[in-house]
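Remarks on the overall topology
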Amino acid sequence: MTASSVEQLRKEGNELFKCGDYGGALAAYTQALGLDATPQDQAVLHRNRAACHLKLEDYDKAETEASKAIEKDGGDVKALYRRSQALEKLGRLDQAVLDLQRCVSLEPKNKVFQEALRNIGGQIQEKVRYMSSTDAKVEQMFQILLDPEEKGTEKKQKASQNLVVLAREDAGAEKIFRSNGVQLLQRLLDMGETDLMLAALRTLVGICSEHQSRTVATLSILGTRRVVSILGVESQAVSLAACHLLQVMFDALKEGVKKGFRGKEGAIIVDPARELKVLISNLLDLLTEVGVSGQGRDNALTLLIKAVPRKSLKDPNNSLTLWVIDQGSLFLLLVGVGTSVLLSKRGVFTGLKKILEVGGSLQDPPGELAVTANSRMSASILLSKLFDDLKCDAERENFHRLCENYIKSWFEGQGLAGKLRAIQTVSCLLQGPCDAGNRALELSGVMESVIALCASEQEEEQLVAVEALIHAAGKAKRASFITANGVSLLKDLYKCSEKDSIRIRALVGLCKLGSAGGTDFSMKQFAEGSTLKLAKQCRKWLCNDQIDAGTRRWAVEGLAYLTFDADVKEEFVEDAAALKALFQLSRLEERSVLFAVASALVNCTNSYDYEEPDPKMVELAKYAKQHVPEQHPKDKPSFVRARVKKLLAAGVVSAMVCMVKTESPVLTSSCRELLSRVFLALVEEVEDRGTVVAQGGGRALIPLALEGTDVGQTKAAQALAKLTITSNPEMTFPGERIYEVVRPLVSLLHLNCSGLQNFEALMALTNLAGISERLRQKILKEKAVPMIEGYMFEEHEMIRRAATECMCNLAMSKEVQDLFEAQGNDRLKLLVLYSGEDDELLQRAAAGGLAMLTSMRPTLCSRIPQVTTHWLEILQALLLSSNQELQHRGAVVVLNMVEASREIASTLMESEMMEILSVLAKGDHSPVTRAAAACLDKAVEYGLIQPNQDGE
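Please read all numbers here as calculations on a predicted model, not as lab measurements.

1. Some words on the overall build of the chain
When its secondary structure is counted, the chain shows 56 helices and 0 strands. When each of the 952 residues of the chain is scored for burial, the buried share is 52%. Put simply, 67% of the contacts in the chain that link residues at least 6 apart link residues at least 24 apart. For the chain, the computed accessible surface area is about 43,700 Å², with 51% contributed by carbon and sulfur atoms.

2. Observations concerning the nonpolar core
Counting 258 residues, the largest nonpolar core has Ile-280, Phe-399, Phe-679 and Leu-682 as the members making the most contacts within it. Ranked by residues supplied to this core, first place goes to helix H14 (residues 236-259) with 10 residues. Among all residues touching Phe-679, those that are not within four sequence positions of it are Val-653, Met-656, Val-660, Val-692, Gly-697, Ala-700, Leu-701, Leu-704 and Ala-719.

3. Focus: the packing of aromatic side chains
Under the counting rule described, the total for this entry stands at 3 aromatic pairs. On the basis of an interplanar angle of 65° and a centroid distance of 5.1 Å, the ring pair of Phe-17 and Tyr-22 is categorised as edge-to-face. Here the aromatic rings of Tyr-81 and Phe-113 are separated by 5.2 Å at their centres, their planes lie at 45°, and the arrangement is tilted. With a gap of 32 residues between them, Tyr-81 in helix H5 (residues 77-89) and Phe-113 in helix H7 (residues 111-146) connect regions that are remote in the sequence. Cation over ring: Arg-553 sits above Trp-554, and NZ or CZ is 4.6 Å from the ring centre.

4. Structural notes on the confidence of the model for the chain
Chain-level statistics for the chain give a pLDDT mean of 83 and a share of 87% at 70 or above. Per-element confidence in the chain is highest for helix H43 (residues 742-747), whose mean pLDDT is 94, and lowest for helix H18 (residues 330-335), whose mean pLDDT is 45. The low-confidence segment residues 259-270, where pLDDT is below 50, has 21 contacts with residues more than four positions distant or belonging to other chains. Here residues 329-347 is a poorly scored stretch, pLDDT under 50, and it has 43 contacts once near neighbours within four places are set aside; other chains count.

5. Details of the environment of Glu-467
Among the structural elements, Glu-467 can be located in helix H25 (residues 459-473). Here the alpha-carbon distance between Glu-467 and Ile-502, two residues 35 residues apart in the chain, equals 9.3 Å. Excluding residues within four positions of it along the chain, Glu-467 makes contact with Arg-376, Ser-427, Arg-505 and Trp-554.

6. Brief notes about the packing of helix H22 (residues 415-431) against helix H24 (residues 446-453)
Their axes nearest at 11 Å, the elements H22 and H24 cross at an angle of 105°. Taken as axis vectors, H22 and H24 run roughly perpendicular relative to one another. On H24, the residues touching Leu-416, Lys-419, Leu-420, Ile-423 and Val-426 of H22 are Val-446, Ser-449, Val-450 and Leu-453. When its residues are assigned to classes, the contact of H22 with H24 shows 7 nonpolar, 1 polar and 1 charged.

7. Details of helix H2 (residues 22-33)
When the terminal C-alpha atoms of H2 are compared, their 16 Å separation across 12 residues agrees well with the 16 Å that a helix rising 1.5 Å per residue should span. The complete set of buried residues in H2 reads Ala-25, Leu-26, Ala-28, Tyr-29 and Ala-32. With its buried residues spanning 160° around the axis, H2 presents them on a single face.

Rules used throughout
Residue positions are given per chain, counted from 1 along the sequence in the order it is written. Per-residue local features of the predicted model are confined to residues with pLDDT of at least 70, and side-chain atom pairs are confined, for both listing and counting, to 80 or more; whole-chain, interface and lining totals are unaffected and use all residues. Hydrogens are left out, water is left out, and the side-chain values use all remaining heavy atoms of the structure. Secondary structure elements are defined from DSSP: runs of H or I of at least 4 residues count as helices, runs of E of at least 2 residues count as strands, and each element is numbered from the N terminus. Relative accessible area decides the class of each residue, using a 1.4 Å probe on protein chains only: under 20% of the type maximum gives buried, over 50% gives exposed, and in between gives partly exposed. The criterion used for residue contact is that any of the two residues' heavy atoms lie within 4.5 Å. Here the Shrake-Rupley method, with its probe set to 1.4 Å, supplies the accessible areas, and only the displayed protein chains count as covering residues. In this description, a nonpolar core means a group of buried Ala, Val, Leu, Ile, Met, Phe, Trp, Tyr and Cys residues linked to one another through side-chain atoms lying within 4.5 Å. Pairing of aromatic rings covers Phe, Tyr and Trp, the last counted by its six-membered ring, and requires centre-to-centre distances within 6.5 Å; plane angles under 30 degrees mean stacked, over 60 mean edge-to-face, and any other angle means tilted. Whether a charge sits over a ring comes down to the Lys NZ or Arg CZ being within 6 Å of the ring centre and within 35 degrees of the ring normal. A residue's pLDDT is the confidence the predictor assigns to it, expressed on a 0 to 100 scale. The convention used is that axes are lines fitted to C-alpha atoms, helices contributing only their stretch in contact, and that angles between N-to-C directions extend from 0 to 180 degrees. Here roughly perpendicular refers to angles of 65 to 115 degrees, roughly parallel to angles under 35, roughly antiparallel to angles over 145, and oblique to all remaining angles. Gly is placed with the polar residues, together with every amino acid not listed as nonpolar (Ala, Val, Leu, Ile, Met, Phe, Trp, Tyr, Cys and Pro) or charged (Asp, Glu, Lys and Arg). Here a helix's expected span is defined as the number of its residues, less one, multiplied by 1.5 Å. It is the directions from the helix axis to the C-beta atoms whose arc is reported.

Below, the structure written as structure tokens:
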């Protein structure tokens, strides 16, 4: 009987293959392999599976299946031919030709094999010719690029593009490298032409990408100092290209330090950690070099932010951070590399002091070091990341000591210019590691100098002092002091100053102090209506495009604080011009505004964490005369929903998508978290999700869910889940992006997430699992199955149901079927029992899973009677259900069991099941009727029942 079953399934598969149903044919051959097939039958089935995979264009699996057939029968010429076809598609021509030669030797007169061998021989010759000509092409490209007479020609442009394209492939990059390419690229860099420098840098990216040994060789040939110095050129495009190259080099070197690998071709590298430190030391030197462009300095800071601190605090090794803080560029002096280590009254400059030099530099008027509007913020972020990377009090104390010594070296004995530099450095620390900033404020005379300089007649001095006062006001430790001593000063500056740049900063200081109560309606720092007046003035300045972007940024800072007040939020979202100006400003190069924009949006959408207080605790607090926070009436859900609608209509999603795409270090993990919170608020209502998807919100959420704070990633993942549940995932996340969604969704299954997040993740994964086998494989790869199984036992009925539905869709994968078929587990028992639950939706999911599994794995049919004594009652209840979908799933399960075994069929026919099937078989031509009739026909075939006289 087993042999005939194998033969029957093979013939069924052959018929399906002829009809073009390759997936169905594959399933039939797979099912046949699960039976006790002979080695000869197994060879044929594997060979046929290879043919299916070839038609489905899955060439890796085709090659695997053909190889299995050849293992069973070395002379299987069809298997050899199919493997050669798969190998040809995979580009492994040398292996494909061997199989074809063997085919021809076995069947010398077969014209198909002879033609295939000729074709593949031609391909191999063509490849050899191409590879042999690549050297000549590389040489020709460099001749054109280095020819002074070809300046600016189309020929030169095409040669540079071809060189970059060739370097993107590892084989091409290796050819360029071995053809003395790095030295020739050095000559292109030395020519100083922007287009040639860009072509050279982009080609070097291909040479160094993921290749540690070529990276070290390139640095050795070009010189680390030379490569880093390109960052400082005036051309923004060249500086960015150099930044990209250095990032690729950092990645290659850090991977070598982490894994200790030797590069793709096995070249031995003595110490990649040393090369890494030399590179970082040169970047630190660049920060304080005179003549370096502001953009170049910013790019150097960006690279240090990415390269120095640990990626995860779980990594115990923070030695690189400690080295940068304490030594930095001194390393070059110690290893004998020429450098411009600064020596002055303030001593030798360590890495930390060089970063503080940039943070304390003034943009206007231009000082010794050229900086941009983003330089101080980038320095603050780097300082903050270094401080956060410290592990103990002793390390933090050393950081504080170095910062304080540096500030004192400017503050004491350097005159007014020194004091301004010291105060600017304090501002930089307050924007970054605020603990260090607060300690610096407490140094003798610093706060007094800030207050005194606020009254200066010089605008530059006032700007530095007022900004320091604003940053200090944002810290709770200093706010009470400033409220007592600085409010009147800020008010005077706001009312009396003739300069908008001073007035707007004074206004922001007042905004910060006025919002000290946060969202607590009962805590107001100023008189009724004052915050609305301040907000109105902020919106006025924000909309004034005659004011430069750097000054308008302060208006956004003010609104970021004032929008804690619900009255301000309501007026702000009604002001279309202000919203438009806000979104336009977020797209400009003035990237330091991003955090303020995100903060204002979080406030307007109430997407900060808020827990409704326990009424009993509120009463108790009132009785004890303790302060109880009060929510503003306009912060109720109905008002929040209305504000979200207005923001969506104003184009908030497009603006946020642009913010997410920025490469600036200002887009910190905290800023990402704020954007994630806003996105989650925007997709809360189902009817709004289409708008978010249409404006690119789905694509923007993926990077937010993969990088940032744990809270931010979770919020973004939940927003992704909501979009995946209610929209077509293939349209929301087109192309390869859909596979990137899986990992964030699986992260929501962890126990530290809320029940709602677990439920939404399960629902979203259910949708994805129903789309394609590749997506199901991605879910399995992320190890989601054990977590999904765990939620199938959850007490909450909706979570339990969602997990069962997800498992039902995943059951289409062979790996999940193997889990159910494995001995010693209760997976099958759980599905059978859930098929008899009162929850109709849970029943439907479990019965669907049973129908799928018993169809794909007939061996499971014989185990159903063993898992529970109630199995017959459960199946009968499914067939008697008033829900046609449940009836159909139950009928399919019964049909699969009847077809799987005569013994099971006999048990079913001896029960009331036969009567139920007889009644169902007399119905209309529905799927249930056809399945019931098929059951009875099979029972007749087994001789278990007799057809009635009418032949029915």
